[in-house]
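Understanding the architecture of this molecule
Here is what each chain is made of, one letter per residue.
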Amino acid sequence: MDIWTAEKIILLGFLLKGVWCRYFSISLPQNIQALSGSCVIIKCRFEIREKYDKDLTERATGLWFKDGTDLNNNLVFNSSTSSQNSFMKGNITGKLKDKDCTTVFHELRSDHSGQYYFRIEGEGELKWTYSETSVSIHVIDSPTKPTVQLYVEQKEVQDQEEVLEGRSVSLRCSAETLCSSPPPTLTWSSTPRIPLSESSRLEELISDLNFTATHRQHRVTFTCTITYQLQDKNKTAQTNITLHVQYSPKNTSVSVLPSSSVLEGSSVTLTCSSDANPAVNYTWSRESEGQMEQLQTGDTLTFARIHLKHRGWYYCTAQNQHGTQNSSVMLNIQYAPKNTSVSVSTSSSVLEGGSVTLTCSSDANPAVNYTWSRESEGQMEQLQTGDTLTFDRIDLKHRGWYYCTAQNQHGTQNSSVMLNIQYAPKISPSSSCTRTDVTVCFCEADGNPSPELEWHLSGRPVTNSSNTFISEERLSSTGLRSSITLHQSLTHTSTLQCVSRNTHGNASQLFQLPSSVAREFQFCDSSNRRTSVINLEMKNM
């Protein structure tokens, strides 16, 4: 046998000894966190030398030491005695006979923090403290905050990353499970509050919040809270995450300062606003003759001095890379009455007895109220309101100046019209004749348009001659007076007639001539030739 073969045999012997021989060992977690007022579970398994197997029975006892292994000074728990009077209250839940030393301690306090060592005592000579291995228990007053993760379309992203509206979003909350009875719970909340639908897996202490991202969730803070229900009070810890959602413009609107109804000449500012992420660019346009006229960019549009030409529809377009949205406003410019005028249904010259309507119109905003008045003997006589003034049967007493007053809260303006009533001639009853050395007659007629007057002697027109003198006098725009002086003799059969005419008719009056003697009267035709001689018997007046 060579030296190498001998070494292999020796090495194999040592390995077999490691398999066949057992030593004292224990398996414990290195560190455990526990919540004050709650419990702690220590997962524990141990091993003993095989020669003590017969001593490990159902009556075996487990002991725990804190911060040392001295039986007199460091013993804090003995499974064989009641734990109510012990430093640590609890029980060993594992079966020591099966080398399972799993232990639960209850009602933890902050002074329970420390290093813990396990000791097994069986029947006979089995008594062993595992002083080489310990577990560190740290008692905390508040639970550890849960962890929140953001998933978009099932892919994890950073919590500050922005999510596009319409994407599938999942918020996952998970927490380290500490011993508690009942077990801790996870709950979701949001600020501002929105409806939430969550799914939880309590056995893993995981809660998922699933939804489709919308603009309503932009800058919403979601909070996951872990709650431990303890005997004296609940203890909680929470973690927040704020969602950032990108979306196209929404709720775009235009406001007008001071208002959309503004007085001509004043200053007006239109302001556009929109809810969007990222922020939008604003563009202003105006509808002009059926076409859209581009004006400017920016969120405001200002008119330092508004004019009537500025009235109409104005449009604001809000745009970002995700879309556009429009809003519009009608700029209603108010102003005092302008271009007030009165029109007459036929014409301002109206035939007596006819129907006539006066209509008043005015350009104003808001609409005006109309008031009619008439100048009568130097005074203004109020008539009625409304845009029309109607006479069903016009009379001479209706002629004169009529005034329309258009008024709104911004001012007044007047317009007037002269109602010129036309009528057929009328001969005044005061027309008469007198006789001295000669016969003098006068005739007064009134008509519109102004009439013409003619004299007829015994049915024939009379003109100026050596024996006859006719004169006319204008009394007014509608009145005319004519006088005739007869130097010739008249017979008792002679007649004198005054005839008045205008475009609407004629009128005549027959005069009774005074006579006492018969005289010769010659009538002449247009060539001044004598045609006949009439003897008239004149009566003295």
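Structure: above.
These notes cover the structure that comes with them. (Residues numbered from 1 in each chain as written. Predicted model: local features only at pLDDT ≥ 70, side-chain atom pairs only at ≥ 80, totals over all residues. Heavy atoms only, no water.)

By the definition in use, this model includes 13 salt bridges. Ionic pairing is found between Arg109 and Asp111, a salt bridge with its closest N-O pair at 3.1 Å. Given a relative accessible area of 37%, Arg109 falls into the partly exposed group. Notably, a salt bridge pairs Glu352 with Lys426, separated by 3.9 Å at the nearest N-O pair. With Glu352 in the loop between strand 29 (349-351) and strand 30 (356-365) and Lys426 in strand 35 (residues 411-427), the pair connects residues that are 74 residues apart, well separated along the chain. For Lys426, a relative accessible area of 40% corresponds to the partly exposed category. (Salt bridge = Lys/Arg side-chain N within 4 Å of Asp/Glu carboxyl O. Buried < 20%, exposed > 50% of the residue type's maximum accessible area, 1.4 Å probe, protein only. Helix = DSSP H or I, 4+ residues; strand = E, 2+ residues; numbered from the N terminus.)

Sheet topology note: the strand 24 (residues 281-288)/strand 27 (residues 312-320) ladder contains six bridges and is antiparallel. Note on strand 27: the bridge partner recorded for Asn281 is Gln319. Counting the residues that bridge the hairpin from strand 27 to strand 28 (residues 323-344) gives two residues. (Pairing = 2+ DSSP bridges.)

Attention now moves to the packing of aromatic side chains. In total, this model carries 14 aromatic pairs according to the counting rule given. Their ring planes at 55° and their centres at 5.1 Å tell us that Trp64 and Phe118 sit as a pair that is tilted. Of this pair, Trp64 sits in strand 5 (residues 61-66) while Phe118 sits in strand 9 (residues 114-121); the two residues are 54 residues apart in sequence, bridging distant segments of the chain. According to the relative accessible area criterion, Phe118 is buried, its value standing at 0%. Here Phe211 and Phe222 contribute two aromatic rings whose centre-to-centre distance is 5.5 Å and whose plane-to-plane angle is 20°, an arrangement assigned as stacked. Taken together, the residues Phe211 in strand 18 (residues 206-212) and Phe222 in strand 19 (residues 221-229) connect sequence positions 11 residues apart. Note on Phe211: relative accessible area 15%, which makes it buried. Ring pairing ties together the aromatic residues Phe24, Phe46, Tyr52, Trp64, Phe77, Phe105, Tyr116, Phe118, Trp128 and Tyr130, which thus form one cluster. When the ring centre of Phe87 is taken as origin, the NZ or CZ atom of Arg109, which lies over that ring, is 5.6 Å away. Arg481 extends its terminal NZ or CZ atom over the ring of Phe442, reaching a point 4.2 Å from the ring centre. (Phe/Tyr/Trp six-rings, centres within 6.5 Å; stacked < 30°, edge-to-face > 60°. Lys NZ or Arg CZ within 6 Å of the ring centre and 35° of its normal.)

For the rest of this paragraph, the subject is the side chain of Ser248. Among the structural elements, Ser248 can be located in strand 21 (residues 245-257). Note on Ser248: relative accessible area 19%, which makes it buried. Other than its neighbours up to four places away in sequence, Ser248 contacts Glu165, Asp275, Ala276, Asn320, His322 and Gly323. (Contact = heavy atoms within 4.5 Å.)

Counted according to the given criterion, the structure contains seven disulfides. Each disulfide pairs two cysteine sulfurs, and for Cys39 the partner residue is Cys179, the sulfurs being separated by 1.7 Å. Looking along the S-S bond of the Cys39-Cys179 disulfide, the torsion reads about -95°, which is the left-handed sense. Remark: Cys179 occurs in the loop between strand 15 (168-174) and strand 16 (185-191) and Cys39 occurs in the loop between strand 2 (31-35) and strand 3 (40-42); sequence separation between them is 140 residues. The residues Cys39 and Cys179 share a single accessibility class, namely buried. With a sulfur-sulfur separation of 1.6 Å, Cys44 is cross-linked through a disulfide to Cys101. (Disulfide = S-S within 2.5 Å.)

This brings us to the sheet that holds strand 20 (residues 234-242). Strand pairing in a sheet is mediated by backbone hydrogen bonds. Such pairs are either parallel or antiparallel. Taken together, the three strands give an open sheet; going across it, the order is 16-19-20, and neighbouring strands pair in antiparallel fashion. Strand pairing shows two members of the sheet lacking a second neighbour, strand 16 and strand 20, which therefore form its edges. Pairwise comparison of adjacent strand axes, ignoring direction, gives a mean angle of 25° for this sheet. For strand 19 and strand 20, the ladder comprises nine bridges, and the chain directions are antiparallel. (Axes fitted to C-alpha atoms, helices over the stretch in contact; angles between N-to-C directions.)

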